[in-house]
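Each chain is listed here by its residues.
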Amino acid sequence: MKKALIVYWSATGNTEKVAMALKDGLVEGDMDVSLFKTKGAEELDYFDYDLACVGFPVYHFHPPDIIVRFLKSRFDKYQKEKRILPCCPIVKGKNALVFCTYSGPHSGIDEALPAVKYTAQFFIHVGIPVINEWYIIGEFHGREDLSTRGKLGDIRGKPSAEDLDKIRKDALKLVSKI
Ligand SMILES: Cc1cc2nc3c(=O)[nH]c(=O)nc-3n(C[C@H](O)[C@H](O)[C@H](O)COP(=O)(O)O)c2cc1C
């Protein structure tokens, strides 16, 4: 059985819903899935999994500090083990997925891109290719103005049940790439 790790963080529930839909799709694809809301994942090794997934809400075009701390502590460990090599040679059979939820009130997806690209480098540098990046629109809870009059229009209720069903199906498709 192939193994997947999902580490995510979520304050208002959007990313958590996506993480659960991702898990459902991977389980449907017969993967053994371990899911953590960061807590408990600190000592885990990406290399013990066929697929490592990290997900977060975009905060000021970045991942939230809790996710950055998580990524950096893993990275420091790999650096000590001398696993960060020039030209990032690929470690066969290892894959990563980076996903975010974002509201894009000011500049749309351009606000989310830096956060995901930055996170992807933590995998790419250790030789784990990022086989997909998911950018999921999520309501800006507590900010009706930013959920109705932002660059992405009326995003209240997102991710919707339909969005989550698509995520589950996309996760299932992902299994065939691993
Ligand atoms: C402090 C804060 C900063 C945010 N900054 C951004 C941002 O720069 N760009 C963006 O698109 N959304 C931003 N958002 C919106 C969240 O990324 C979005 O609503 C996300 O789906 C929330 O995920 P969660 O429900 O899992 O916490 C911000 C939200 C908060 C609370």
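Our subject in this report is the structure included herewith. (Residues numbered from 1 in each chain as written. Predicted model: local features only at pLDDT ≥ 70, side-chain atom pairs only at ≥ 80, totals over all residues. Heavy atoms only, no water.)

### A closer look at unusual backbone geometry
In this structure, Pro159 follows Lys158 across a cis peptide bond, with omega equal to 0°. Here Pro159 lies in the loop between helix 4 (144-148) and helix 5 (161-175). The phi dihedral of Lys82 is positive, around 60°, even though this residue is not glycine. Among the structural elements, Lys82 can be located in the loop between helix 2 (65-80) and strand 4 (95-102). Since its relative accessible area comes to 68%, Lys82 is described here as exposed. Residue Cys88 is not a glycine yet carries a positive backbone phi of 50°. In this structure, Cys88 sits in the loop between helix 2 and strand 4. For Cys88, a relative accessible area of 24% corresponds to the partly exposed category. (Helix = DSSP H or I, 4+ residues; strand = E, 2+ residues; numbered from the N terminus. Buried < 20%, exposed > 50% of the residue type's maximum accessible area, 1.4 Å probe, protein only.)

### Re the sheet that holds strand 5 (residues 130-137)
The 5 strands lie next to each other as 2-1-3-4-5, forming an open sheet whose pairing is parallel. Edge positions in the open sheet fall to strand 2 (32-36) and strand 5, since each of these has one partner strand only. On average, each strand axis in the sheet is tilted by 15° relative to the strand beside it, whichever way the strands run. Here 5 bridges tie strand 1 (residues 3-8) to strand 3 (residues 51-57), and the two strands are oriented parallel to one another. Along strand 3, the bridge assignment pairs Ile6 with Cys53. With respect to the sheet, helix 1 (residues 14-28) is in contact with strand 1, strand 2, strand 3, strand 4 and strand 5, its orientation differing from that of strand 1 by roughly 175°. Against the sheet, helix 3 (residues 113-124) makes contact with strand 3, strand 4 and strand 5, and its axis sits at roughly 155° relative to strand 5, the strand it touches most. (Pairing = 2+ DSSP bridges. Axes fitted to C-alpha atoms, helices over the stretch in contact; angles between N-to-C directions. Contact = heavy atoms within 4.5 Å.)

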